Amino acid sequence: MLRRGSQALRRFSTGRVYFKNQLKLALIGQSLFGQEVYSHLCKEGHRVVGVFTVPDKDGKADPLAMAAEKDGTPVFKFPRWRVKGKTIKEVAEAYRSVGAELNVLPFCTQFIPMDVIDSPKHGSIIYHPSILPRHRGASAINWTLIMGDKKAGFSVFWADDGLDTGPILLQRSCDVEPNDTVDAIYNRFLFPEGIKAMVEAVQLIADGKAPRIPQPEEGATYEGIQKKENAEISWDQSAEVLHNWIRGHDKVPGAWTEINGQLMVRNLQFEDGKMIPASQYFSAGETAVVELTAEEKKVAETIKVIWAGILSNVPVIEDSTDFFKSGASSMDVVRLVEEIRQKCGGLQLQNEDVYMATKFEDFIQKVVRKLRGEDQEEELVVDYVSKEVNEMTVNIPYQCFINGQFTDAEDGKTYDTINPTDGSTICKVSYASLVDVDKAVAAAKDAFDNGEWGRMNARERGRLMYRLADLLEENQEELATIEALDSGAVYTLALKTHIGMSVQTFRYFAGWCDKIQGSTIPINQARPNRNLTFTKKEPLGVCAIIIPWNYPLMMLAWKSAACLAAGNTLVLKPAQVTPLTALKFAELSVKAGFPKGVINIIPGSGGVAGQRLSEHPDIRKLGFTGSTPIGKQIMRSAASNLKKVSLELGGKSPLIIFNDCEIDKAVRMGMGAVFFNKGENCIAAGRLFVEESIHDEFVTRVVEEIKKMKIGDPLDRSTDHGPQNHKAHLEKLLQYCEAGVKEGATLVYGGRQVPRPGFFMEPTVFTDVEDHMYLAREESFGPIMVISKFQNGDIDGVLLRANNTEYGLASGVFTRDINKAMYVSEKLEAGTVFINTYNKTDVAAPFGGVKQSGFGKDLGEEALNEYLKTKTVTLEY
């Protein structure tokens, strides 16, 4: 008995309702749909005594298994239930051991034996995504659309020994909209309403009210699984049939056709040379031709005279005359624009207007629309949350930013973003759904493939980036205030680093836009002919960027500036807990003049939006900064279409302080290496090795300096140390300190939450940290200094200890001996080595890690290569 369903993801929640009767349930199946059914059944008070699901894939458990394991529910992962038609004895025994009263199969791809189906007191119920008896079998949603059904829906039925033939318990239906796809119906109706229905069905059984309505054979259909090989388009059909066939296969398995041996058609070119996106071929038609007024006709006649003057080789300027095919050059474009401005009352056109309307008739239509003001960009509407804070009014966008517009999430969901200074809610932020992610990717893809951005020359791209940098600088006080509110960053640090370096980053990469070059390569000639071989550096396409919460705007800038400079479009997911400066950035990008779809910002969770981006087939590159475990998961998901990936992950950066250092500087910078940005710093010195002869003095002086630090409101200009980013992180840091004490490390100072509202933690110092301890191995990502002592003169010994980690992001050394410093820098296994300084990063210097700290570079020229592909071209002459 094979059960199949859509793989689309969507979150769903209902209020809790309590019923008198509950059942002991066995859930058999998998997927997020199964997880949601499980969670909601548990909320209603039913007891899930066992979950039977598929084995882990690539080390990752199915979502249903993960939820159940988290709750402590028994989970069984069987690759199969039977062999050669017989139930496997061990599997059957494991199943019977849980004592279920009802089997619930929300989504199951395995064959479940009938002795298991019939075993519980109440039997088994199954969810099927069609209105049975129509579309029995797999691919039911696909066939609902392919067959042009006016109604879609689902059935919850009692399992029997047939294929989807058991008695109906309940059914629900919805109208099929003209442009619905499989994903659209599933996300809008089958998924959320299906969860409700499964919960309702179980309760009806528990209350003894569940019907068993025999399925009629009249109207019953069975269609097979739709696969790529049988999804070819047959063009000898009506338009409606073709439409249903194509949308019924979208996106899996995907309808296709072959034209001249090619399986994909992106653009169509007409006989007159005009090219349009293939997706627009069946659109309602061209933009209506504008009827000219008497005054507009005079302007048109004047422009015709100007065209005739430029195209002197053309006897008569006709509506079909093409400016460039008639011999015009880029210099003629400038002349045309300037002559029109001079002779048509100051009418201001852009060079791009000529390139977008090369025929005389089209050009006149564009000019008339400009005269009437009809070509104006749609005004950006921003629904702000405004706050009077930091002696200013800050206006904060809070919606998804997709295709140049702020918009609520498709399902209307929001979440609270919290001010870590006092734990209050700043505002509600849109919680992007899978539909929103797909919309953002589609907008970015269209902007790259068909939009102005893809045709824009490199210097114009650089001009937009310079303008955006200027706007970031002009609004730096507001941005720094938002950063302080949302992330807890000390305002003065936010102003200098969070925002200041973001400005520098965009200016740096703006300068690279017109300096991206390939090369010519001498190769063996194909005698007697000659060859020329050269390389081109080209953008990748749509890039996804997922950033962390410690430097919300700066991490955005580090990745997106290089991405945009290379000519890509992007979809960026900010950290769920710090989305606000990214959304403000989106607003400023519109003011800078970036075309629609080039930049898209989708706030939400990593599990939904981030996961979808990592596996989305239209994403060609994903840049991620975050934890090593999530980085590994992203690599697995990105393998789905072998998208390019760069990862900046966790660190445990060693800082070695020798006894010949400048002790004052070592203390000051050693503290900065740990406590900068509240310790929420990817390159923070996770472990300090201090030479034995200066160890005690170093520790004493560090503690003295900590006692002078002011902990408090990040908007107070005298504050040294603000709150940790969010509550869960603070709790993790306190547990980290507890683990250190239990293992025998000496807690010299701190280790506690500050007794005040908000998520404040005392700067902390541990000594006597031995190599085997948890503190020595794991990153805290907080204001915790971990100090280990090493013997005087033991350079190689301390290097061995410093490198005894799976991380390799940064490192540092303090010594007056330049030979020692260079030797140590050569031996340290890290992407960055600081000598007699720390935290000194610059937009021109590449940044990234080795080992499990990731691969790929941010910043510097090397960062551009992360967002470019190399094409080799060879010609013969």
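Keep in mind that this is a model prediction, so the values were computed, not measured. (Residues numbered from 1 in each chain as written. Predicted model: local features only at pLDDT ≥ 70, side-chain atom pairs only at ≥ 80, totals over all residues. Heavy atoms only, no water.)

Peer 1: Account for the sheet that holds strand E18 (residues 520-521), naming residues and giving values.
Peer 2: Sheet architecture is open: 3 strands sit in the order E18-E19-E35, paired in antiparallel fashion. Lying at the two open borders of the sheet, with one neighbouring strand each, are E18 and strand E35 (868-876). (Pairing = 2+ DSSP bridges. Helix = DSSP H or I, 4+ residues; strand = E, 2+ residues; numbered from the N terminus.)

Peer 1: How would you explain the sheet that holds strand E31 (residues 810-814) if you had to name every residue and give the values?
Peer 2: In a beta sheet, neighbouring strands pair by backbone hydrogen bonds and run either parallel or antiparallel. Here we have 7 strands laid out as an open sheet, ordered E27-E28-E29-E26-E25-E31-E32, and mixed in their pairing. Two strands lie at the open edges of the sheet, namely strand E27 (746-749) and strand E32 (832-835), each paired on one side alone. The average angle at which neighbouring strand axes cross in this sheet is 25°, direction not considered. Here E27 runs beside strand E28 (residues 764-767); their pairing, made up of 3 bridges, is antiparallel. Each residue of the ladder has a partner; that of threonine 746, found in E28, is threonine 767. Against the sheet, helix H21 (residues 663-675) engages strand E25 (653-657), strand E26 (685-691), E28, strand E29 (784-790) and E31, with an angle of about 130° to E29. (Axes fitted to C-alpha atoms, helices over the stretch in contact; angles between N-to-C directions. Contact = heavy atoms within 4.5 Å.)

Peer 1: Please set out the packing of helix H15 (residues 476-487) against helix H16 (residues 491-510) residue by residue, giving values where relevant.
Peer 2: Orientation of H15 relative to H16, taken along the N-to-C sense of each, is 115°, at an axis distance of 9 Å. Taken together, the axis directions place H15 and H16 in an arrangement best described as roughly perpendicular. Considering how the two elements wind past one another, H15 and H16 form a crossing that is right-handed. Counted together, Gln476, Glu477, Leu479, Ala480, Thr481, Glu483 and Ser487 of H15 and Tyr491, Ala494, Leu495, His498 and Ile499 of H16 form the full contact between these two elements. In the contact of H15 with H16, the residues fall into 6 nonpolar, 4 polar and 2 charged. (Parallel < 35°, antiparallel > 145°, perpendicular 65-115°, else oblique. Left-handed = near helix turned anticlockwise from the far one by under 90°. Nonpolar A, V, L, I, M, F, W, Y, C, P; charged D, E, K, R; others polar.)

Peer 1: Any details on the packing of aromatic side chains? Residues and values, ideally.
Peer 2: Counted according to the given criterion, the structure contains 27 aromatic pairs. Each ring, one from phenylalanine 401 and one from phenylalanine 406, has its centre 4.9 Å from the other, and the planes form 55°; the classification is tilted. Judged by its relative accessible area of 2%, phenylalanine 401 falls in the buried class. Its relative accessible area of 8% is what places phenylalanine 406 among the buried residues. An angle of 85° between the planes, with centres 6.0 Å apart, marks the rings of tyrosine 415 and tyrosine 431 as edge-to-face. A residue pair is termed long-range when its members are at least 10 positions apart, and tyrosine 415 in strand E16 (residues 414-419) and tyrosine 431 in the loop between strand E17 (424-430) and helix H12 (434-449) qualify at 16 residues. By the burial criterion, tyrosine 415 is buried, and tyrosine 431 matches it. Linked through ring pairs, Phe33, Tyr127, Phe154, Tyr186, Phe189 and Phe191 together constitute an aromatic cluster. The aromatic ring of tyrosine 867 is capped on one face by lysine 621, whose charged end is 3.8 Å from the ring centroid. Geometry around phenylalanine 760 places arginine 756 over its ring, the cationic atom sitting 4.3 Å from the centre. (Phe/Tyr/Trp six-rings, centres within 6.5 Å; stacked < 30°, edge-to-face > 60°. Buried < 20%, exposed > 50% of the residue type's maximum accessible area, 1.4 Å probe, protein only. Lys NZ or Arg CZ within 6 Å of the ring centre and 35° of its normal.)

Peer 1: Break down the side chain of threonine 805 for me, with residues and values.
Peer 2: Secondary-structure assignment places threonine 805 in the loop between helix H25 (795-802) and strand E30 (807-808). Under the relative-accessibility criterion, threonine 805 is labelled buried at 16%. From its side chain, threonine 805 meets the backbone nitrogen of tyrosine 807 in a polar contact 3.1 Å long. Ignoring anything within four residues of it in the chain, the contact list for threonine 805 reads Lys652 and Lys851. (Polar contact = N/O pair within 3.5 Å; in protein donor to acceptor, adjacent residues only side chain to side chain.)

Peer 1: Please provide a residue-by-residue account of the confidence of the model for the chain, values included.
Peer 2: Residues with a pLDDT of 70 or more make up 92% of the chain, whose mean pLDDT is 90. Low confidence marks residues 1-19, where pLDDT is under 50. Its contacts with residues over four positions away, or in another chain, come to 70 contacts. This stretch, residues 261-287, has a pLDDT under 50; its non-local contacts, to residues over four places away or in other chains, come to 31 contacts. (pLDDT = per-residue confidence, 0-100.)

Peer 1: With reference to specific residues and values, describe helix H1 (residues 31-43).
Peer 2: Its 13 residues give H1 an end-to-end C-alpha distance of 19 Å, which sits within 8% of 18 Å, the value for a rise of 1.5 Å per residue. Of all the 13 residues making up H1, 10 are buried; the element is thus mostly covered by neighbouring parts of the structure. Every buried residue of H1 is listed here: Ser31, Leu32, Phe33, Gly34, Gln35, Glu36, Val37, Tyr38, His40 and Leu41. Packed against the buried residues of H1 are strand E1 (24-28), strand E2 (47-53), helix H2 (63-71), strand E6 (102-105), strand E7 (124-128) and helix H6 (182-206). Where H1 begins, the capping side chain belongs to serine 31, and its oxygen is found 3.2 Å from the backbone nitrogen of phenylalanine 33. (Expected span 1.5 Å × (residues − 1).)

Peer 1: Describe empty space enclosed by the protein, naming the residues involved and giving the relevant values.
Peer 2: In the structure shown here, the tally under the stated rule is 6 cavities of 30 Å³ or more. There is about 100 Å³ of room inside the largest cavity. If you go around the largest cavity, you meet 17 residues; those closest to its centre are Ala684, Gly686, Glu779, Ser780 and Phe781. Put simply, the parts of the chain that give the lining of the largest cavity at least two residues each are E26 and E29. When the residues that make up the lining of the largest cavity are grouped by side-chain class, the tally is 9 nonpolar, 6 polar and 2 charged. (1 Å grid on protein atoms, 1.4 Å probe; cavity = no way out; pocket = protein on both sides within 12 Å on 5 of 7 lines; lining within 4 Å. Points joined across faces, edges and corners; volume = space filled by probe spheres on them.)

Peer 1: Describe a negative patch on the surface, naming the residues involved and giving the relevant values.
Peer 2: Taken together, Glu318, Asp319, Glu361 and Asp362 make up a surface patch of like negative charges. Mapped onto the elements of the fold, aspartate 362 is located in helix H11 (residues 360-372). Assessed through its relative accessible area of 34%, aspartate 362 is described here as partly exposed. (Patch = residues over 30% accessible without salt bridge, like charges linked within 9 Å, V, L, I, M, F, W, Y side chains within 5 Å. Areas by Shrake-Rupley, 256 points an atom, 1.4 Å probe, with all protein chains shown as cover. Salt bridge = Lys/Arg side-chain N within 4 Å of Asp/Glu carboxyl O. Lys, Arg positive; Asp, Glu negative; His and termini not counted. Charge placed at Lys NZ, Arg CZ, Asp CG, Glu CD.)

Peer 1: Report on unusual backbone geometry, specifying residues and quantitative values.
Peer 2: At the junction of leucine 132 and proline 133, the peptide bond is cis and its omega measures out at 15° in the coordinates. Within the secondary structure layout, proline 133 lies in the loop between E7 and helix H5 (140-146). Although it is not a glycine, phenylalanine 781 sits at a positive phi angle of roughly 60°. On the secondary structure map, phenylalanine 781 appears in the loop between helix H24 (774-777) and E29.

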